[in-house]
Amino acid sequence: AGGIGAAAARAFMREGARVVLADVLDAQGEALGAELQQLPGSSVAMYVHPDAPLADQWEAAVATTERNFRRLDILVNNAGILDMSGVEDTTEAIWQRVVDVNQKGVWLGMRAAIPAMRRARGGSIVNISSILGTVGCNAATAYQGSKGAVRILTKQAAVQYAPENIRVNSVHPALIATPMTLNRGTVRQDAYEGFAAASLMKRPGTPEDVASAILFLASDEASFITGSELYVDGGYTAA
């Protein structure tokens, strides 16, 4: 309902997609759904409330999609939370919460969506990982572990489902200016500025930067791309 997810929803709607929004923030989700309906030339948008770590709610969201739109072609696994605790400061409760949303949620999303994509004779899954799923930093232990898992889960699923014309790719953003990273209770200002300065472009990215990458991987223009990692990082990992 915000940040990268909202930007992606707007991008898909502009391309004529029928979009099902999923979030646990009902007021924001319903407001975004209403906004999307007003876009010039837009198709149809609706809002559902699945909780990423819960299998039955994922299955209900997919069933709602098929019931209303008859098919599911694209899944964007974007739900994620950030905790900046390091190895010794990460409690079991923090670890479990982050892994449940960032890692288990991605797996459950794929597991629920793939049968529907099989019925549609193909599809595209875009999992949102992070540069911190491939390079290290001095904090965010649970977040890094979960995002690294998303990277390899993506490749495993790409191998398994290529014969069924289901493509699976991951997007790896660097620092993006979203409500999550702009929350000073989560990311300190000095850490935010440091991450921004570490990119070659010396700035944070925008949600729209990531949305464009998601849209490309989901589209037929990426029909020969699966199991790949697309970095939207302002050159962070090149330096």
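Below: a short report on this structure. (Residues numbered from 1 in each chain as written. Predicted model: local features only at pLDDT ≥ 70, side-chain atom pairs only at ≥ 80, totals over all residues. Heavy atoms only, no water.)

Comments concerning helix H3 (residues 55-69)
For the record, the criterion: Only DSSP runs of H or I covering at least 4 residues are called helices, and only runs of E covering at least 2 are called strands; the numbering of each starts at the N terminus. Helices are assigned an expected span. That span is 1.5 Å times one less than the residue count. Think of it in three bands: residues with accessible area under 20% of the maximum for their type are buried, residues over 50% are exposed, and the middle band is partly exposed, with areas taken using a 1.4 Å probe on protein chains only. Every residue pair with non-hydrogen atoms within 4.5 Å of one another is taken to be in contact.
For H3, with 15 residues, the first-to-last C-alpha span of 21 Å sits near the 21 Å given by 1.5 Å per residue. Trp-58, Ala-61, Val-62, Thr-64, Thr-65, Glu-66 and Phe-69 are the residues of H3 that are buried. Along its buried surface, H3 packs onto strand S1 (19-22), strand S2 (45-48), strand S3 (74-77) and helix H4 (92-119). Positive backbone phi, approximately 75°, marks Arg-70, located one or two places after H3.

As for the nonpolar core
Going by this rule: Among buried residues, the Ala, Val, Leu, Ile, Met, Phe, Trp, Tyr and Cys ones that are joined through side-chain atoms within 4.5 Å form a nonpolar core.
Of all hydrophobic cores here, the largest spans 25 residues; its most connected members are Leu-21, Leu-36, Val-126, Val-171, Val-210 and Ile-214. Looking at this core, the elements with two or more residues in it are helix H1 (3-14), S1, helix H2 (26-37), S2, strand S4 (123-128) and helix H7 (207-218). Of the residues forming this core, the biggest block, eight residues, is contributed by H1. In contact with Val-210, other than residues within four places in its own chain, are Ile-4, Val-171, Pro-173, Ile-176 and Val-232. Membership of the second largest hydrophobic core comes to 19 residues, among which are Val-62, Met-110, Ala-116 and Ala-157.

Some thoughts on the packing of aromatic side chains
As a reminder of what qualifies: Stacked, edge-to-face and tilted are the three classes for Phe, Tyr and Trp ring pairs, Trp counted by its six-membered ring, which pair at centre distances within 6.5 Å; planes under 30 degrees apart are stacked, over 60 edge-to-face, the rest tilted.
Under the counting rule described, the total for this entry stands at one aromatic pair. An angle of 35° between the planes, with centres 6.4 Å apart, marks the rings of Phe-195 and Tyr-236 as tilted. With a gap of 41 residues between them, Phe-195 in helix H6 (residues 189-198) and Tyr-236 in the segment after strand S6 (229-232) connect regions that are remote in the sequence.

Some points on the pattern of salt bridges
Put simply, the rule reads: One speaks of a salt bridge when a side-chain nitrogen belonging to Lys or Arg is within 4 Å of a carboxyl oxygen belonging to Asp or Glu.
Enumeration over the complete set of coordinates arrives at eight salt bridges. Between Asp-73 and Arg-71 there is a salt bridge; the shortest N-O distance is 2.8 Å. When the shortest N-O distance is used, the salt bridge between Arg-151 and Glu-229 registers 2.7 Å. Linking Arg-151 in helix H5 (residues 141-161) with Glu-229 in strand S6, this pair joins segments that are 78 residues apart in sequence. Given the relative accessible area of 23%, Glu-229 is considered partly exposed.

With respect to the sheet that holds strand S5 (residues 166-173)
Heads up, the condition is: Two strands make a pair as long as DSSP finds a minimum of two bridges between them. Under this scheme, a helix contributes an axis fitted over its contacting stretch, all axes are lines through C-alpha atoms, and angles between N-to-C directions fall in the 0 to 180 degree range.
Taken in spatial order, the four strands line up as S3-S4-S5-S6 in an open sheet, and their pairing is parallel. Of all strands in the sheet, those bounded by a partner on one side alone are S3 and S6. Strand-to-strand twist across the sheet, computed as the mean angle between neighbouring axes with direction ignored, equals 20°. The pairing of S5 with S6 spans four bridges and is classified as parallel. Considered in S6, the bridge of His-172 is made with Tyr-231.

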